[in-house]
Amino acid sequence: MNLAVQQMVERPEGAREFLLTDKHFATIAKLVREEAGINLTEAKRDLVYSRLVKRLRRHALTDFGTYLDLVSSPAGEMERRELISAITTNVTNFYREPHHFEHLERAVMPELAARMMKGEPVRMWSAGCSDGREPYTMACTVLKAFPEVARYNFRILASDIDHNSLAKAKEGRYSNEMVDKAPAAIRERYFRRLGDVSEPVQQVRDLIAFRYLNLLHEWPFKQKFDVIFCRNVLIYFDQELQSRLFTRFCSVLKPGGYLYIGHSERIAGPATSALRQVAVTSYKHITGGIR
Ligand SMILES: C[S@@+](CC[C@H](N)C(=O)[O-])C[C@H]1O[C@@H](n2cnc3c(N)ncnc32)[C@H](O)[C@@H]1O
């Protein structure tokens with residue numbers, strides 16, 4: 001009987017189905033940090049186990065060692081994507097941290113609408129958009145503030161590293177319970193009910209382009225952004241990577257552009273001198289830039 005089979009047969013009550021050794025965990029943590037920037041501390045060990053066990057079962061594998069051989073083989077590229085997808089935390093919501101959308105509507109949109117009417121392009125980015133609820137909320141906020149936006153040069157880029165979340169975002173179908181997080185007037189105007197699920201209407205969808213983008217890789221942008229939402233994404237990265245990414249966000253934000261971050265995140269590194277706080281976890285890119 002091989003070791004893995006023996007482990008399963010002899011598994012005492014409450015014991016784990018598979019053995020995740022220190023070496024396995026270290027290999028997974030290194031791979032995830034290199035591929036996605038996500039910092040898996042020892043405290044995340046149970047989470048890693050519970051999320052990856054499904055991948056082992058999917059491939060009918062009996063131990064983590066064989067799974068890691070698969071992931072690191074040239075044929076394992078697809079599985080590496082699935083591993084990253086399994087490890088990413090995709091918690092999100094419509095109108096999550098609603099003060100950001102109030103700020104966008106009241107303090108930012110009047111100026112952006114005026115600029116669009118003068119013929120200027122306006123661009124927004126939801127960086128780490130998960131299953132799309134954040135960029136759809138941005139689109140509803142923009143439409144509410146400026147219903148004629150479709151006539152102008154406006155676009156929201158919504159990107160994520162997790163292709164499974166991105167597929168859900170593109171499909172744009174959500175349980176009615178999820179959509180109930182949006183204010184009633186928004187639901188009635190910008191969503192269509194289809195039995196147990198709801199979807200954003202075409203007018204909302206048309207404002208968003210969904211793209212795969214790993215924040216660690218090159219950002220292939222031709223234009224700078226007026227508004228960036230990167231909320232509850234950098235919290236999974238270490239301090240040094242967070243600092244580097246805040247600097248990169250400044251480099252793609254127009255002077256006077258806005259950056260919104262998650263409630264438990266803090267601007268760090270050289271970007272602190274280029275971003276002025278204007279509301280709770282809301283920052284304006286000030287001219288003069290990074291010192
Ligand atoms: C907790 S969700 C946040 C979703 C949304 N921004 C919000 O606040 O509701 C974090 C998202 O960041 C994405 N993510 C993690 N690492 C990433 C990376 N290196 N590049 C791009 N996206 C990443 C995850 O896939 C996940 O969908």
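None of these values were measured; they are calculated from a predicted model.

## Some details on the site of the ligand
Alright, step 1. The full set close to the ligand counts 20 residues, and Ala36, Thr92, Gly128, Asp160 and Asn232 are the nearest of them.
Alright, step 2. At a separation of 2.8 Å, a nitrogen atom of the ligand approaches a polar backbone atom of Ala36.
Alright, step 3. In the complex, 99% of the free accessible area of the ligand, which totals 610 Å², lies under the protein chains.
Alright, step 4. Taking a 2 Å distance to the grid points as the criterion, the majority of the atoms of the ligand fall inside the largest pocket.
Alright, step 5. In terms of residue class, the shell around the ligand is made up of 7 nonpolar, 8 polar and 5 charged.

## As for the UniProt feature "binding site: S-adenosyl-L-methionine" (unreviewed entry) in the protein chain
Alright, step 1. In the numbering adopted here, UniProt assigns the feature "binding site: S-adenosyl-L-methionine" (unreviewed entry) to Asn90, Thr92, Arg96, Glu134, Asp160, Asn214, Leu215, Arg231 and Asn232. Across 143 residues in sequence, these annotated residues place their C-alpha atoms as far as 22.6 Å from one another, rather than forming a single compact spot. From the set just named, the residues that line the largest pocket comprise Asn90, Thr92, Arg96, Glu134, Asp160, Asn214, Leu215, Arg231 and Asn232.
Alright, step 2. Inspection of the secondary structure assignment puts Arg96 in the loop between α5 (77–87) and α6 (98–117).
Alright, step 3. Excluding residues within four positions of it along the chain, Arg96 makes contact with Val91, Phe101, Arg231 and Asn232.
Alright, step 4. Side-chain polar atoms of Arg96 contact the backbone oxygen of Val91, separated by 3.0 Å.
Alright, step 5. Residue position: Asn214 is located in the loop between β6 (208–212) and β7 (225–230).
Alright, step 6. A polar side-chain atom of Asn214 sits 2.7 Å from the main-chain carbonyl oxygen of Glu35.

Quick notes on the rules
- Counting starts from 1 at the beginning of each chain's written sequence and moves along it residue by residue.
- Only residues with pLDDT of at least 70 are given local features in this predicted model, and only at 80 or more are side-chain atom pairs given and counted; all residues enter the totals for whole chains, interfaces and linings.
- Side-chain measures here rest on the full set of heavy atoms in the structure, leaving out hydrogens and waters.
- A cutoff of 4 Å decides nearness: a residue is near a molecule or strand if any of its heavy atoms lies inside that distance of it.
- We call two N or O atoms a polar contact when they sit within 3.5 Å, provided that within protein one can donate a hydrogen and the other can accept it, with sequence-adjacent residues counted only if both atoms are side-chain atoms.
- Note on areas: these come from Shrake-Rupley sampling with a 1.4 Å probe, and a residue is covered only by the protein chains present in the view.
- Buried and open spaces are told apart on a 1 Å grid over the protein atoms alone, a cavity being a set of points where a 1.4 Å probe fits but cannot get out and a pocket being an open set with protein on both sides within 12 Å along at least five of seven lines. Residues with an atom within 4 Å of a point are the lining residues.
- Cavity and pocket membership follows a simple rule, namely that a molecule belongs there if more than half of its atoms are within 2 Å of the grid points.
- Residues are grouped as follows: Ala, Val, Leu, Ile, Met, Phe, Trp, Tyr, Cys and Pro are nonpolar; Asp, Glu, Lys and Arg are charged; all remaining types, including Gly, are polar.
- UniProt positions are given in the numbering used here, feature names are shortened, and annotations may be inferred rather than shown by experiment.
- Helical segments are the DSSP runs of H or I of at least four residues, strand segments are the runs of E of at least two, and each set is numbered from the N terminus.
- The contact criterion used throughout is that any non-hydrogen atoms of two residues lie within 4.5 Å.

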